[in-house]
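Residue-level structure breakdown
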Amino acid sequence: MEDTSMAGKHTTESPAKDFMQIRYTDLLGKFLAKYIQIDKELMQDVFRKGVGLDGSSVKGFATIDESDMMLFPDRKTLRKIPLSNYEIYTVIADVHNGFSQGRSIKDPRSVSQALEEHLAVNQITCQIGAEVECFIFDQILFEMYKNNIVDNNMTQLEKVKNVSILSTEQYGVGKYPIRRKSGYDVPTFQDSLIEFRFEVADILKKFYDIDVTNMNHEVASSGQIEINFMHDYLTQSADNVQIYKDIVRNVAKKHNKIANFMPKPIFDPENPENSDNGSGMHVSISLWSKSSGKNLNLFYDEADPYAELSQTGRYFIGGILDHAGALSAIVTPTINSYKRIIPGFEAPVYVAWARGNRSAVVRVPINEKKSANSKRIEYRAPDPSANPYLAFSAIVAAGLDGIKRKVDPADPVSEDIYKMSDTRRREFGVKVLPGSLEEGLAELKTDSTFLNVCFHSDLINTYLDLKEKEILELADDQSLINQFMLYYDV
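Description of the structure in this document.

Parameters and conventions
- Residues numbered from 1 in each chain as written.
- Predicted model: local features only at pLDDT ≥ 70, side-chain atom pairs only at ≥ 80, totals over all residues.
- Heavy atoms only, no water.
- Buried < 20%, exposed > 50% of the residue type's maximum accessible area, 1.4 Å probe, protein only.
- Helix = DSSP H or I, 4+ residues; strand = E, 2+ residues; numbered from the N terminus.
- Pairing = 2+ DSSP bridges.
- Salt bridge = Lys/Arg side-chain N within 4 Å of Asp/Glu carboxyl O.
- Patch = residues over 30% accessible without salt bridge, like charges linked within 9 Å, V, L, I, M, F, W, Y side chains within 5 Å.
- Areas by Shrake-Rupley, 256 points an atom, 1.4 Å probe, with all protein chains shown as cover.
- Core = buried A, V, L, I, M, F, W, Y, C linked by side-chain atoms within 4.5 Å.
- Lys, Arg positive; Asp, Glu negative; His and termini not counted.
- Charge placed at Lys NZ, Arg CZ, Asp CG, Glu CD.
- 1 Å grid on protein atoms, 1.4 Å probe; cavity = no way out; pocket = protein on both sides within 12 Å on 5 of 7 lines; lining within 4 Å.
- Points joined across faces, edges and corners; volume = space filled by probe spheres on them.
- Nonpolar A, V, L, I, M, F, W, Y, C, P; charged D, E, K, R; others polar.

Let us now look at the pairing of strand 1 (residues 17-25). Burial of strand 1 is extensive: 7 of the 9 residues sit out of reach of the surface. Bridging between strand 1 and strand 2 (residues 31-39) involves 9 bridges; their strand directions are antiparallel. Paired with Arg23 across the bridge in strand 2 is Ala33. Taken together, strand 1 and the strand that follows it, strand 2, pair antiparallel across an intervening segment of 5 residues, in which Gly29 is found at a positive phi of about 110 degrees.

Have a look at this one:
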């Protein structure tokens, strides 16, 4: 019988069409995707005219009475990638208000772009590098109550009895388990995710031209990984984080695994010692200026005997430390984030700085000596639940405020702060980071002026409203079960 279907056939009446995936990020950091089918000849119209968006359906974007928005793809981000059985175009878009009313102030990407424009006026560029940790689980099981036990009026959330994480790296599950907090650079026979990391790195380079620099098993058991990539300009680096998280999730899905970016998915609320390390997103920053045709690292000073750190770099640290409380609301933005920020699990708790000291919230890496190219400041508080456009911008804005006001960061603390007595910490003037999302939001409400360089006040207010609703959603029951239900896909 003759095949009369039109699958795979093209005529002059039906020209070849391509699929396009248009990505954008909501206010809380979710990397969303819209799909269209276009003629190759009409692709330019997509870049010129944009694609419509219902902003009222996107968290933080618009109200239902002013919901018409537009996505304008950024041509520099256009790539062709495999998706399922198709090759498609993918691109990251900027969000505009409808009816030609200009850029949306609620678009997170507009925040990082505004900061880059501010720096450019002063002939300065910013380089950002993020170390994004996460877990690759074999399964996350939600155990439900039996129907005959529960009230039919109970919500689906209330019907959940327990949540269990399964990983081939656990005792009783895998043949070569890894002890908790003992996973860093484990030998090959114990490392269950070598090929997984290689596949992610290969996709990043092959389809997105993102160079991976490091891809190790991290400290926690149960499949914790970290894949780092080359530093880049602020917005590009945030784009890279979003792309990276998306690739990790899709590769996990392909292998029937689950990628989880919760800051602290393995914790025991009754006994924190039974927990495992959480996932961070350490952020390295450097500022550069042009002089006599050369790029100069503003944080580098060869004459500084302590860390080869310039006075500008010290002021930058001073700004971060001064605004550390308010930054917490943006860089550690979930209730689950504060399960990570406790002593004994490598996450920073104390507001201090030093060279090479991982117990301080700001660290100045000193792996190399007399290397202007590698001199940077590492902020260790952020975690992968943060919106990278907002987080990176807020950190840099805090540092710039420190430079502007010449904020002294005080003396570096070169001791293990976790082991210090309270008296000793007071002697150094070491403060503690907020211990909950509520505390972080309270700090942001009273200390947000430094963000005005790139954040619109409406964005900050909307962000605060969304986060306060998040707190109300969990209310007094911040159990592991409820946090997984809320942050499973963060």
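Attention now moves to the pattern of salt bridges. Under the criterion given, the structure shown has 25 salt bridges. For the salt bridge of Arg405 with Asp401, the shortest nitrogen-to-oxygen distance reads 2.8 Å. One end of the pair, Arg405, and the other, Asp401, are both in helix 8 (residues 388-405), 4 residues apart, so they sit about a helical turn from each other. Arg405 gets classed as partly exposed once you look at its relative accessible area, which sits at 43%. Note that Glu470 and Lys467 form a salt bridge whose closest N and O atoms lie 3.2 Å from each other. Here Glu470 and its partner Lys467 are both found in helix 11 (residues 457-474), 3 residues apart, which amounts to about one turn of the helix. Given a relative accessible area of 9%, Glu470 falls into the buried group. Through salt bridges with shared partners, a single network forms among Asp74, Lys76, Asp94, Arg103, Asp107, Arg109 and Asp239.

Right, let's get into the environment of Glu438. Within the element layout of this structure, Glu438 appears in helix 10 (residues 437-446). For the pair formed by Glu438 and Ile377, sequence separation is 61 residues and the distance between their alpha carbons is 28 Å.

A cluster of nonpolar residues, Leu141, Leu166 and Val173, forms a patch on the protein surface that exposes about 220 Å² of accessible area. Assignment of secondary structure puts Val173 in the loop between strand 9 (160-166) and helix 3 (194-208).

Moving on, we get to the nonpolar core. Among the nonpolar cores identified, the biggest contains 115 residues, and Tyr244, Tyr379, Phe392 and Phe455 are the most heavily contacted of them. The element best represented in this core is helix 8, accounting for 10 residues. In terms of nonpolar packing, the next biggest core, distinct from the first, is built from 18 residues, Met43, Val51, Met69 and Val91 among them.

A positive phi angle, close to 55 degrees, is found at Gln123, a residue other than glycine. Looking at the secondary structure, you find Gln123 in the loop between helix 2 (108-121) and strand 7 (124-137). Judged by its relative accessible area of 58%, Gln123 is exposed. Located in the positive-phi region is Glu308, a residue other than glycine, with phi close to 50 degrees. Take Glu308: it is sitting in the loop between strand 15 (294-297) and helix 5 (311-322). Accessibility expressed as a relative area gives 6% for Glu308, which makes it buried.

This part is about a negative patch on the surface. A cluster of acidic residues, Asp54, Asp65, Glu66 and Asp68, forms a negative patch at the surface. Positionally, Asp65 belongs in the loop between strand 3 (51-54) and strand 4 (68-73).

Estimates place the volume of the largest pocket at around 1,000 Å³. Forming the boundary of the largest pocket are 46 residues, of which Glu131, Asn228, Ser284, Arg376 and Glu378 lie nearest the centre. Where the lining of the largest pocket is concerned, the elements lending two or more residues are strand 7, strand 10 (212-217), strand 11 (224-229) and strand 14 (281-291). Top element by residues in the lining of the largest pocket is strand 7. It accounts for 7 residues. Of the residues contributing to the lining of the largest pocket, the split by class is 10 nonpolar, 22 polar and 14 charged. Its boundaries defined by the atoms lining it, the second largest pocket holds a volume of some 830 Å³.

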